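# Coordinate inspection notes
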Amino acid sequence: MSLKPRGLHFGAGNIGRGFIAPLLLRSGYHVVFADVDKDLIDTINRDKSYDVHILDSTTEGADNVEEVNRVKGVLATTDDILSELAHPKLKLITTAVGPPVLAKIAPTIAKGIKARREAGAGVINIVACENAIGATTQLEEHIHKHLEEEDKHYISVHVGFANCSVDRIVPPFDPHSHDGPTESVLDVGVENFFEWVVDAKPLKPNSGLEVPIKGMTLTEHLPAYNERKLFTLNCGHAVTAYLGHLKGHTTIADSIADPEILSIVQGALHNESGKALCKRHSQFEESQHKEYINTILRRFANEAVKDDVVRVGRQPLRKLGKDDRLVGPTRLCVEYGIVPAQNLAMGIAAALRYSNDDDEQSVEMQSKLRDLGVEAYITELTGWQKEEDATKSVVEAYHKLERWINMPN
Ligand SMILES: NC(=O)C1=CN([C@@H]2O[C@H](COP(=O)(O)OP(=O)(O)OC[C@H]3O[C@@H](n4cnc5c(N)ncnc54)[C@H](O)[C@@H]3O)[C@@H](O)[C@H]2O)C=CC1
Ligand SMILES: O=P(O)(O)OC[C@H]1O[C@](O)(CO)[C@@H](O)[C@@H]1O
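Positions within a chain are numbered from 1, following the residues in the order the chain's sequence is written. As they are written, the chains are lettered A onward and the ligands numbered 1 onward, keeping that order. Per-residue local features of the predicted model are confined to residues with pLDDT of at least 70, and side-chain atom pairs are confined, for both listing and counting, to 80 or more; whole-chain, interface and lining totals are unaffected and use all residues.

Filter applied, for reference: UniProt positions are given in the numbering used here, feature names are shortened, and annotations may be inferred rather than shown by experiment.
Per an unreviewed UniProt entry, the protein chain carries the name Mannitol-1-phosphate 5-dehydrogenase and comes from Mycena indigotica. Turning to the protein chain, the UniProt record has this under Catalytic activity (unreviewed entry): "D-mannitol 1-phosphate + NAD(+) = beta-D-fructose 6-phosphate + NADH + H(+)". Looking at the protein chain in UniProt, the text filed under Subunit (unreviewed entry) is "Monomer."

## Focus: the site of ligand 1
Where we set the bar: Using a C-beta atom placed from the backbone, a residue is described as near a molecule or strand when that atom lies within 6 Å of it. Here a helix means four or more residues in a row that DSSP labels H or I, a strand means two or more in a row labelled E, and each is numbered from the N terminus.
Lining the immediate environment of ligand 1, one finds 26 residues, of which Gly-11, Gly-13, Ile-15, Glu-130 and Asn-131 sit closest. The set of elements that each furnish at least two residues to the shell around ligand 1 consists of helix H1 (14-26), strand E2 (30-35) and helix H4 (102-119). Counting residues per element, the shell around ligand 1 draws most heavily on H1, at three residues.

## Digging into the domain arrangement of the protein chain
Using the following cut-off: Source of the domain bounds: an automatic or database domain assignment. Residue pairs are scored as contacts if the distance between their C-beta atoms, which are placed from the backbone, is within 7 Å.
According to the domain assignment, the protein chain consists of domain 1 (6-220) and domain 2 (223-404). Centre-to-centre, using C-alpha coordinates, domain 1 lies 30 Å away from domain 2. Facing 13 residues of domain 1, the contacting portion of domain 2 comprises 13 residues.

## Focus on the sheet that holds strand E4 (residues 64-68)
Going by this rule: By this definition, two strands are paired if DSSP reports at least two bridges between them. Interaxial angle, 0 to 180 degrees, is taken between N-to-C directions of lines fitted to C-alpha atoms, where a helix line uses only the stretch in contact.
With mixed pairing, the three strands of this open sheet are ordered in space as E4-E3-E10. The open sheet is flanked by E4 and strand E10 (188-190), the only strands paired with a single partner. The sheet shows a mean angle of 25° between the axes of neighbouring strands, taken without regard to direction. Relative to E4, strand E3 (residues 50-54) is paired through five bridges, and the arrangement is antiparallel. The residue bridging Tyr-50 from the neighbouring strand is Val-68, located in E4. Set on the sheet, H1 makes contact with E3, E4 and E10; between it and E10 the angle comes to about 75°.

## Thoughts on the site of ligand 2
Put simply, the rule reads: Classification used: nonpolar for Ala, Val, Leu, Ile, Met, Phe, Trp, Tyr, Cys and Pro, charged for Asp, Glu, Lys and Arg, polar for all others including Gly.
The environment of ligand 2 is made up of Asn-131, Asp-167, Ile-169, Asn-234, His-237, Val-312, Arg-314 and Gln-315. Each residue belonging to the shell around ligand 2 can be placed in one class, and the counts come to two nonpolar, four polar and two charged. There are two domains that each give the shell around ligand 2 at least three residues, and those are domain 1 (6-220) and domain 2 (223-404).

## Digging into the nonpolar core
Generally speaking, nonpolar side chains in soluble globular proteins are found buried as a group. Inclusion rule: Joined through C-beta atoms within 7 Å, a set of buried Ala, Val, Leu, Ile, Met, Phe, Trp, Tyr and Cys residues constitutes a nonpolar core. Remark: C-beta atoms are placed from the backbone, and a residue is labelled buried if 20 or more other C-beta atoms sit within 10 Å of its own, exposed if 12 or fewer do, or partly exposed between those counts.
Residues Val-239, Tyr-242, Ile-348, Ala-349, Ala-350 and Ala-351 are the most contacted members of the largest nonpolar core, which totals 112 residues. Of all the elements, helix H7 (residues 222-247) adds the most residues to this core, at twelve residues. Both domains that meet at this core, namely domain 1 (6-220) and domain 2 (223-404), each give it at least three residues. In this structure, Ile-348 is in contact with Leu-320, Leu-326, Val-327, Thr-330 and Val-394, ignoring residues within four places of it in sequence.

## Examining the environment of Ile-296
Note that Ile-296 resides in helix H10 (residues 286-300). The exposure class of Ile-296 is buried, given the 22 C-beta atoms found within 10 Å. Spatially, the C-alpha atoms of Ile-296 and His-237 are 8.9 Å apart, while their sequence positions differ by 59 residues.

Below you can see the structure in the form of structure tokens.
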């Protein structure tokens, strides 16, 4: 039997193949993917390898390829998954399945934990790598619903549940658009940048993570990192996507190359959300945070990442949530006296103007806007009063953006 520690990753999609698996492999883990897509699992077991293309428009001669080798797949819907979950060398379970799917994988993981208890298997840690704050805690709560009392005691001693923040842009990828040794459907295209910050406190010792995974940063201040990512990367991305869509751009790189859009995104991040974040979290120092923002703006400008504004802008009502990437930083600005946050207001207004018949939330939003009018709808979405400055700024921005519709670029 291999002496390597094992990592079981749920979701053999973009983030799984393009981000988490390569890091685990580089740190000496044997990686097993669990997925519900039978074709995908069969292909992984047939090929056992694929290419990760680093998409970087600043690198001369383009393709920089990392080969991922000796991976295995297991169908998450069969009992094979239970022997993987109970495997004595299993040290880490990760997920990248999308937040709503966590409830679906929980019963399987619960069964696996029971099997580990019965087999006397060792300690493991679980880290859900989803674009949602507290995703691992959500998974833990779902798992608990499927446990007997004795398993609950076992889990408290033998299983660590650590939340994290994951940041790497991994858009849909056409393997035939790039040369590489395999040109397989398993190939992925990723940006060079990545950040994986994991809450150190809940991790169980003697599980393998005391030999840190290269590229995983352990922190005692995860909430600050979560907020920094959501209110900077995701905020800037959303503002770029919605303004870009309004002006008829199709990709993020094209949108951020538009000086009018760049100026608004810079204003939103440097002068508004960034200032508020540095006031709220003392560990973020202003000059370092400026560099963090500038790196993000360079990432958006990466033409090799063909990231569609429609992908980044999907589900606008979720993105207009009170604590999410647009209204969340605006509330922070109000709290810390950084007003008026006019650039964030332009981002919120552009989100409200996002009209895409293929996006259910956009259709719902446009219908509500017609029924309620912009001012009343903003107050409904944000909880702000009509007479508040934040509401007024968004209404004003909404009217200003009228001239952007169908504007030639
Ligand atoms: N793509 C990106 O740039 C980033 C994505 N994320 C987050 O990572 C998560 C995954 O995103 P992607 O990898 O882009 O999605 P994806 O759609 O490429 O991959 C998701 C995979 O999960 C599998 N899956 C669905 N139900 C399952 C189940 N019950 N059991 C096992 N596997 C199941 C799907 O078959 C698919 O292969 C999301 O939460 C996303 O927000 C986070 C940072 C960046
Ligand atoms: O996945 P969501 O929340 O719809 O938003 C898209 C965002 O997720 C990412 O894919 C990864 O952080 C970003 O590129 C983008 O800001």
